[in-house]
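# Chain and residue survey
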Amino acid sequence: MSTAAYKEKGSRFLAFAFPVSNEEIIKEHLQNLKQKYYDATHRCFAWMLGLDENNYRINDDGEPSGTAGKPILGQIKSHEVTNILIVVVRYFGGTKLGTSGLIHAYKTAAAEALTNAKIIEKTVNIFYEISFDYKVLNDVMRIIKEENPKIINQKLDLNCYLKFYIRMSKSETILNKLKKIETLVIK
């Protein structure tokens, strides 16, 4: 979790960024912040799960539509992160900020929380199992050496077997090369 604080015309904005893996964890964080900051004027948030940017939610929590959740989600997208929940808690300071002021404040608070966060980069891997005759072992191993997948298990005998994984971005390349080898079966 990372935090940030931002002040604008007397209003205080407290931002919290949480790594999350599912909606249940998101609900827990939201409930905990609602209890902890029960006296706050607003608790606006945005979250995103997965790689396709289609699994997300935003909430303005009483702020004018599009002035809180959207700017928070915009920061998630512009920082190219996922599996994250950002909540910005607002304590009203007595002066209305207007639409552009609210957008700027929520955007800035979310950006600072992301700047303070330790971003963990993970790769998306594809797993393959292949079996082939010993006579094509050299061809297979040449491709394995070129593409450098992580080998999990292997059996090099009359009937050979290899289990490995490779980054999704490189999976099509290795798959196309392996398909050209006779007697090779990909699972």
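First things first, this report covers the structure right here in the doc. (Residues numbered from 1 in each chain as written. Predicted model: local features only at pLDDT ≥ 70, side-chain atom pairs only at ≥ 80, totals over all residues. Heavy atoms only, no water.)

Before going further, it helps to examine the sheet that holds strand β7 (residues 150–155). A sheet is described by the order of its strands in space; here four strands give the open sequence β7-β8-β6-β9, paired in antiparallel fashion. Pairing within the sheet leaves two strands with one partner each, and these edge strands are β7 and β9 (185–186). Relative to β9, strand β6 (residues 125–133) runs antiparallel, the two sharing two bridges. The residue bridging S131 from the neighbouring strand is V185, located in β9. Set on the sheet, helix α4 (residues 137–147) makes contact with β6, β7 and β8 (159–167); between it and β8 the angle comes to about 15°. (Pairing = 2+ DSSP bridges. Helix = DSSP H or I, 4+ residues; strand = E, 2+ residues; numbered from the N terminus. Contact = heavy atoms within 4.5 Å. Axes fitted to C-alpha atoms, helices over the stretch in contact; angles between N-to-C directions.)

Time to look at the pattern of salt bridges. Using the criterion set out here, one finds five salt bridges in the structure. A salt bridge links R90 to E63; the shortest N-O distance between them is 2.8 Å. Residue R90 is found in strand β5 (residues 84–91), and its partner E63 is found in the loop between β4 (55–59) and α2 (69–78); the two are separated by 27 residues along the sequence. Overall, the relative accessible area of 4% leaves R90 in the buried class. The closest approach of N and O atoms between E146 and R142, which form a salt bridge, is 3.5 Å. Remark: R142 and E146 occur in helix α4; sequence separation between them is four residues, near one turn of the helix. Since its relative accessible area comes to 43%, E146 is described here as partly exposed. (Salt bridge = Lys/Arg side-chain N within 4 Å of Asp/Glu carboxyl O. Buried < 20%, exposed > 50% of the residue type's maximum accessible area, 1.4 Å probe, protein only.)

This brings us to the pairing of strand β2 (residues 11–19). Within β2, seven of the nine residues are buried, which leaves it mostly tucked inside the rest of the structure. Where strand β1 (residues 2–8) meets β2, seven bridges bridge the pair, whose relative direction is antiparallel. Note that in β2 the partner of S2 across the bridge is A17. The hairpin formed by β1 and β2 contains two residues between the paired strands, and K9 there has a positive phi angle of roughly 45°. As judged from the eight bridges shared by β2 and β5, these two strands associate in the antiparallel manner. When the bridges of β5 are listed, F16 appears paired with V87.

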